[in-house]
Amino acid sequence: SFQESVDAEGINQRIQEDALRVLEYFDVNIESDTLDITYEIADITKEWISIVYCGSYSRADAAYPTEVKYTSNLSLTDGQHLRLSQMESAAEAAQKIREGKYRVIGEEEERNAAVREWVEGMAKEDLIQSLEAADFGTESYESYPEWFSFWSTIEGKTQISIVMPVIHALGDYAVLEIFLE
């Protein structure tokens, strides 16, 4: 049964730690700054859970808030973090992106076109390196990834969504969807 095979308390602890890592990343001053984060379970299978945290952060002296999106992907068999590079090789994911086999999530076509242009301007090696480093993978708070991924199963196929940083004018982050073959 689920309870016998999984340390649910350990997984819940890891989820809480991941959710709170943003406090250290932004060096949030709890007295004066504003951080508003919600979460959604992107998907849960027998093997893993993928959680998306989304919101905004505003320093007391900031002219505008920063939009925030990050994720937790955890194995339900051993409670360890799962990274994008464990779902698909970074080189293969980068190749799909280079070939345009992805879609940008968002309502505004002008912004989506600008994001596609931003992505096309990345060197392939930089793209691979960013994908390899995506997601929480260590237990250390020293390392906070720039890129994240979340996963969902659609008609039996796993879909990976990649959260990547972009300039503020494009919304601080963009989400690209790619399908695993």
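First things first, this report covers the structure right here in the doc. (Residues numbered from 1 in each chain as written. Predicted model: local features only at pLDDT ≥ 70, side-chain atom pairs only at ≥ 80, totals over all residues. Heavy atoms only, no water.)

### Details of unusual backbone geometry
No. 1: In this structure, Asp27 takes a positive phi of about 50° despite not being glycine.
No. 2: Position of Asp27 among the secondary structure elements: in the loop between α2 (8-25) and β1 (34-44).
No. 3: Asp27 gets classed as exposed once you look at its relative accessible area, which sits at 56%.
No. 4: Not every positive phi belongs to a glycine, and Asp135 is a case in point at roughly 80°.
No. 5: Along the chain, Asp135 turns up in the loop between α6 (124-132) and β5 (148-154). (Helix = DSSP H or I, 4+ residues; strand = E, 2+ residues; numbered from the N terminus. Buried < 20%, exposed > 50% of the residue type's maximum accessible area, 1.4 Å probe, protein only.)

### So, the sheet that holds β1
No. 1: Strands sit in the order β1-β2-β3 across an open sheet of three strands; the sheet is antiparallel. Only two strands of the sheet have a single neighbouring strand rather than two, namely β1 and β3 (66-75). Each strand of the sheet is rotated relative to its neighbour by a mean of 20°, with strand direction disregarded.
No. 2: As judged from the ten bridges shared by strand β2 (residues 48-58) and β3, these two strands associate in the antiparallel manner. For Ser50, the partnering residue across the bridge sits in β3 and is Asn73. (Pairing = 2+ DSSP bridges. Axes fitted to C-alpha atoms, helices over the stretch in contact; angles between N-to-C directions.)

### Re the nonpolar core
No. 1: Counting 26 residues, the largest nonpolar core has Ile97, Leu131, Trp147, Ile162, Met164 and Leu176 as the members making the most contacts within it.
No. 2: Looking at this core, the elements that each hand over two or more residues are α4 (90-98), α5 (109-120), α6, β6 (157-165) and β7 (173-179).
No. 3: Considering each element in turn, this core owes the most residues, four residues, to α4.
No. 4: Discounting chain neighbours no more than four positions away, the residues touching Ile162 are Leu84, Ile97, Leu131, Trp147, Phe148, Ser149, Ala174, Val175, Leu176 and Ile178.
No. 5: Grouped together as the second largest cluster of nonpolar side chains are 21 residues, Tyr57, Val68, Tyr144 and Val163 included. (Core = buried A, V, L, I, M, F, W, Y, C linked by side-chain atoms within 4.5 Å. Contact = heavy atoms within 4.5 Å.)

Note that all results are geometric; they support no functional claim without further evidence.
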